[in-house]
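Summary of the model geometry
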Amino acid sequence: MEPEAAQHRTQEFWTDWASRLEVDSPEEHLVARSLLVLRALTNLKTGGIVAAPTTSLPEEFGGSRNWDYRYTWLRDAALTIEVLVSHGFTEGALHWRDWLLRAVAGDPEKLRIMYGLAGERELDEKELDHLAGYADSRPVRIGNGAADRYQADVVGEVMLALAELRDAGITEDEYSWRLQKSLLSFCVRNIDRKDHGIWEMRGAPHFFTHGRVMMWAAFNEGIRAVTEHGLDGDVASWAWHRDALRAEILERGFSTELDSFTQTYGGSEVDASLLQLPHTGFLAADDPMMLGTVAAIERDLMGTRGLVHRYRTDSDLDGLEGHEYAFLICSFWLVEQYAASGRLDDAEETMTVLCSCATDLGLLAEEYDAGSGRLAGNFPQAFSHLALIRAADAIQKARRHPG
């Protein structure tokens, strides 16, 4: 195709896609930009959604926390799909569902947390020692060793995304529902297996509270698919595992001494991923246990300008050297939590700070260094943009239905 024709075709595609955006928010420009970013991170041919189109942009300038994000994480893609469906873009969600079927269905017994854009499984991590790295941040990496990690949360995130699609009126076909039943069987087989958590910790595996709640969510969505949508499934077995997980989480994942859920069973640290518990339906945003958890996160993980870190890196749980800056998705999750629990003023104030972190083009990286006023990490980051949309939606919902 001639360059002029290709340019014209590209402009037509994006103009048409953008014309369908319906955004009701004071942050309309940034929400619209974020939706465009999420669509742009989706491969047109395969439906795979990359976490970010870059590699090795550092999470700490001059540090070694530099990773290759040019792959499709089931977690990131599933969260992206939830946002797209909530804004009426079911076509793109179906494209991703087809990608999921191709990537996973061939061998659901060996589910991976991430794949290549075309479903590739071999993503060996390599260090390019001859490159200096951005801001002298070494090593520069291609490939990602996290592909070999086990994360207990992944199936829950996928099941929540596909439930969103189903609730939007998109019917399951024979293959998509069969895959979901296989994913629940995978959960059953791994019910007693420790994992590396949502952040792919490179230290020893643990029972991460967020991951256990996501397993609960997976079974809960399987049950809903049968009872509310008339699909077939082993509801009795799923209900048993769901209820057993709930009892276990409340007993082992909540510290009465800290008045908070904990990052891991029996631990004393909190983790910003705990802000996702209400999103799964496990408990309400204004539940006293959740409010206590928010207080602990504000105390232990909130830094300059009210921005939130994922966890305390000096706890050594992640098995890595160095530190990292505030994580934008976690800060947006706090906005969502504030809005859903009656703290609308706090939600709006924090949202204003977060929106000021974006570039003049409305783009966000993974993290933000409030000390230097710089974005950090891979860019643009699907995580940050999908979370911005969810936070803006939560604020608008709270404004429409106060109290």
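All figures in this text were calculated on a predicted structure; none of them were measured in a lab.

1. A closer look at the packing of helix α11 (residues 328-340) against helix α12 (residues 344-355)
Between two packed helices, both the angle of their axes relative to each other and the distance between the axes serve to describe the pair. Where α11 contacts α12, the axes come no closer than 7 Å and their chain directions differ by 155°. Relative to α12, the element α11 is oriented roughly antiparallel. Considering only the axes of α11 and α12, their crossing is left-handed. Counting all contacts with α11, which are made through Leu-328, Ser-331, Phe-332, Val-335, Tyr-338 and Ala-339, the residues of α12 involved are Leu-344, Asp-346, Ala-347, Thr-350, Met-351 and Leu-354. Partitioned by chemical class, the residues of the contact of α11 with α12 number nine nonpolar, two polar and one charged.

2. Looking at the sheet that holds strand β7 (residues 326-327)
What the three strands build is an open sheet, ordered β7-β8-β9; its pairing is antiparallel. Bordering the open sheet on either side are β7 and β9 (374-376), each of which pairs with just one other strand.

3. What to know about the layout of surface pockets
Reported here for the largest pocket is a volume of approximately 820 Å³. Taken together, 33 residues line the largest pocket, and the ones lying closest to its centre are His-279, Glu-336, Arg-390, Ala-394 and Lys-397. If you list the elements that add at least two residues to the lining of the largest pocket, you get α3 (74-86), α5 (154-167), α7 (209-229), α9 (277-280), α11 and α13 (382-400). Partitioning the lining of the largest pocket into residue classes produces 14 nonpolar, seven polar and 12 charged.

4. Structural notes on unusual backbone geometry
A cis amide bond links Arg-138 with the next residue in sequence, Pro-139, at an omega value of 5°. Secondary-structure assignment places Pro-139 in the loop between β3 (126-127) and β4 (141-142). For the bond running from Phe-379 to Pro-380, omega is -15°, close enough to zero to count as cis. Looking at the element boundaries, Pro-380 is found in the loop between β9 and α13. Positioned with a positive phi, Ser-56 is a non-glycine residue whose angle comes to about 65°. Following the sequence through the fold, Ser-56 ends up in the loop between α2 (28-40) and β1 (72-73).

5. Details of the environment of Phe-208
Relative to the elements of secondary structure, Phe-208 occurs in the loop between α6 (174-189) and α7. The spatial distance from the C-alpha of Phe-208 to the C-alpha of Gly-253 is 8.1 Å, given a sequence separation of 45 residues. With near-sequence residues (within four places) excluded, Phe-208 lies in contact with Asp-195, His-196, Gly-197, Met-201, Gln-263, Thr-264 and Leu-317.

Here is what the cut-offs are and how they apply
- Residue numbers restart at each chain and count upward from 1, following the sequence in its written direction.
- Note on the predicted model: pLDDT of at least 70 is required for a residue's local features to be given, and 80 or more for side-chain atom pairs to be given and counted; whole-chain, interface and lining totals, by contrast, use all residues.
- Side-chain figures throughout are based on the complete set of non-hydrogen atoms in the structure, without hydrogens or water.
- For helices, the fitted axis covers only the stretch in contact; all axes are lines through C-alpha atoms, and the angles between them, taken along N-to-C directions, range from 0 to 180 degrees.
- Working definition: helices are DSSP H or I runs of at least four residues, strands are E runs of at least two. Numbering for both runs from the N terminus.
- Any angle between 65 and 115 degrees counts as roughly perpendicular, while under 35 counts as roughly parallel, over 145 as roughly antiparallel, and the rest as oblique.
- For any pair of crossing helices, the crossing counts as left-handed if the nearer helix is rotated counterclockwise from the farther one by less than a right angle, and right-handed if it is rotated clockwise.
- Two residues form a contact once any of their heavy atoms are found within 4.5 Å.
- Note on residue categories: nonpolar means Ala, Val, Leu, Ile, Met, Phe, Trp, Tyr, Cys or Pro, charged means Asp, Glu, Lys or Arg, and polar means any other residue, Gly included.
- We call two strands paired when DSSP finds no fewer than two bridges between them.
- Residues are called lining when one of their atoms sits within 4 Å of a cavity or pocket point, these points coming from a 1 Å grid over the protein atoms alone, where a cavity is a set in which a 1.4 Å probe fits but cannot get out and a pocket is an open set with protein on both sides within 12 Å along at least five of seven lines.
- Grid points are joined across faces, edges and corners, and a volume is the space filled by probe spheres set on the points.

Function-wise, these values are silent; they only describe arrangement.
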